[in-house]
Amino acid sequence: MMLRMGSPAPSIKVEDWLRGEPVADFQPGKVYIVEFRATWCELCAAEMLELMQLQEKYKDSGLEVLGIAADEEAPTAVEARTKLDAWLAEKCPDLNHRIAFDFTGEMKKLWREPSFCVGVPTSFVVDRDGCIAFIGHLSQLGEVLPKVLNGSWRTSNKAKAADQERIATSEPLARGQALKKPIDDRFWAAVKLEDWKTALWAIEEGIALMPDDLNFRLAHAHLLLHKIQDMWTGLPVMRQLVRDAIDKNTEDWMVSALDQLFHPANDHSRLPPAERFAMGKELSEHILALNPPQGDSPKFRSYPAVARYYHENGNNDRAIVLVELALTSLDGAEPIPAELKEQHLPDLLQALARYRGAKACCGALFAAPQNSVPRVPNRGRPRKKDKKG
């Protein structure tokens, strides 16, 4: 049954409460924020701080915040719980709301799947009648929460329109995720065994089902070029990926294709150098046209990939300028969560130090030139699952 605004709130079925007293059911007269989060989610730590502020601000109005960790990636529940507990202690030692842990998938079945929510963080608001009043992102609660607290939100035309729009957008994504899951499961089981041919069969099935899925397309090129090393088959696949990325004119596609060609964690020795650099030039020029240096759009996601192309092509000065622009964009006009900045800053400093051949600093952080291979970004390799955060 679909879970939407006005639906009775599902029950809370978790394995353990890591912070705060357990909640058996929703008490009439109280308002609850039930937020799904995960330790791997870039935004979740920043959102915990915002939820702490909401909990403090509205505690006398009957608000209770419940954090639900139901998406931890670990081999066992014990390892996942230990990882989560350490993460909470580091990120929010003074947490003022409850945190529940579920490794069974029960909370996903009860809450996320019926509401078509495919990623985290996701916030559910349960009103004083025990019904779902809102499903969406924490950033929307500044307007929504006061109206839920005074009882005016669910009856408003804006609330009804927002819920209809959410379902229209989220339902196709959720159905796509359901179709992809058995393919993803077979693929990752084969990857674990380094059975690249079986992994390739799974990905080819996925592409036949969803030809415009970026993750499948990336995995296809990655397997052929960097695992199986079948250049005869892989080069046409790579050419088509580059062409489609440029035709779609999206940074995600173009940067992902560029990573396949120039990320140093991949072995490019079998690729024809002239064609590799020609594809890299075309992708880099399109990325810079879409997100020009003088524009205000963030540069930290795409410019490092373009800088790698210019560095390897012998234009080291251009590579340095691009990484410096990426660093500057971390403090640009568009606010970036501290957690996201912390994630990108070390890699950017390391790239800058490598290209300069000298130490690079930003505040208290610094990096010295070294030859270690940077980690492959998610978009530069097959992704285990789609994540919102």
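Reading the values: rules and limits
- Residues numbered from 1 in each chain as written.
- Predicted model: local features only at pLDDT ≥ 70, side-chain atom pairs only at ≥ 80, totals over all residues.
- Heavy atoms only, no water.
- Phe/Tyr/Trp six-rings, centres within 6.5 Å; stacked < 30°, edge-to-face > 60°.
- Buried < 20%, exposed > 50% of the residue type's maximum accessible area, 1.4 Å probe, protein only.
- Lys NZ or Arg CZ within 6 Å of the ring centre and 35° of its normal.
- Axes fitted to C-alpha atoms, helices over the stretch in contact; angles between N-to-C directions.
- Helix = DSSP H or I, 4+ residues; strand = E, 2+ residues; numbered from the N terminus.
- Parallel < 35°, antiparallel > 145°, perpendicular 65-115°, else oblique.
- Left-handed = near helix turned anticlockwise from the far one by under 90°.
- Contact = heavy atoms within 4.5 Å.
- Nonpolar A, V, L, I, M, F, W, Y, C, P; charged D, E, K, R; others polar.
- Pairing = 2+ DSSP bridges.

Right, let's get into the packing of aromatic side chains. One pass over the structure, following the stated rule, counts 11 aromatic pairs. The interplanar angle of 70° and the centroid separation of 4.8 Å between the aromatic rings of F26 and Y32 together place this pair among those described as edge-to-face. Judged by relative accessible area, F26 falls into the buried class, the value being 16%. The exposure class of Y32 is buried, given its relative accessible area of 3%. Between F187 and W188 the ring centres are 5.1 Å apart and the planes differ by 80°, which places this aromatic pair in the edge-to-face class. On the accessibility criterion, F187 (3% relative accessible area) is buried. A relative accessible area of 25% places W188 in the partly exposed class. Grouped by ring-pair contacts, the aromatic residues F26, Y32, F36, W111 and F124 constitute a single cluster. A cation sits over an aromatic face here: K180 above F216, 5.2 Å from the ring centre. Above the plane of the ring of Y310 lies R318, whose end atom (NZ or CZ) is 4.9 Å from the centre.

For any two helices packed against each other, the geometry comes down to the angle between their axes and how far apart the axes lie. Following both chains from N to C, one finds helix α6 (residues 196–209) and helix α7 (residues 214–227) inclined at 150°, their axes separated by 9 Å at the closest point. Taken together, α6 and α7 sit at an angle that is classed as roughly antiparallel. Like other packed secondary-structure pairs, α6 and α7 cross with a definite hand, here left-handed. Two secondary-structure elements touch here, α6 through W196, A199, L200, I203, E204, G206 and I207 and α7 through F216, R217, A219, H220, L223, L224 and K227. Along the lines of polarity and charge, the residues of the contact of α6 with α7 split into nine nonpolar, two polar and three charged.

If you trace the six strands from one edge of the open sheet to the other, you get β1-β4-β3-β2-β5-β6, paired in mixed fashion. Looking at the sheet topology across the chains shown, the edges are occupied by β1 (16–19) and β6 (132–136). The mean angle between the axes of side-by-side strands here comes to 25°, regardless of whether they run parallel or antiparallel. Note: strand β2 (residues 31–37) against strand β5 (residues 122–126), five bridges, orientation antiparallel. Directly across from V34, in β5, lies its bridge partner F124. Of the strands in this sheet, β2 and β3 (63–69) are in contact with helix α1 (residues 44–58), which crosses β2 at around 170°.

What follows covers the environment of I336. Inspection of the secondary structure assignment puts I336 in the loop between α12 (316–329) and α13 (338–356). Given the relative accessible area of 18%, I336 is considered buried. Placed 225 residues apart in sequence, I336 and W111 show a C-alpha to C-alpha distance of 29 Å. Once residues lying within four places of it in the same chain are set aside, the contact partners of I336 are F300, S329, L330 and K341.

Another point: the pairing of strand β4 (residues 98–101). Burial along β4 is two-sided: the face carrying R98 and A100 and the face carrying I99 and F101 are both buried. Where β1 meets β4, three bridges bridge the pair, whose relative direction is antiparallel. Opposite D16, over in β4, you have F101 as the bridge partner. In this sheet, β4 lies alongside β3 in parallel orientation, the contact comprising four bridges. Counted as the bridge partner of L66 is R98 from β4.

We now examine the packing of helix α9 (residues 251–262) against helix α11 (residues 303–312). Here α9 crosses α11 at 35°, and the two axes come no closer than 9 Å. Crossing of α9 against α11: the hand is left-handed. Counting all contacts with α9, which are made through V255, L258, D259 and F262, the residues of α11 involved are A305, V306, R308, Y309 and E312. Of the residues in the contact of α9 with α11, the class split is six nonpolar, no polar and three charged.

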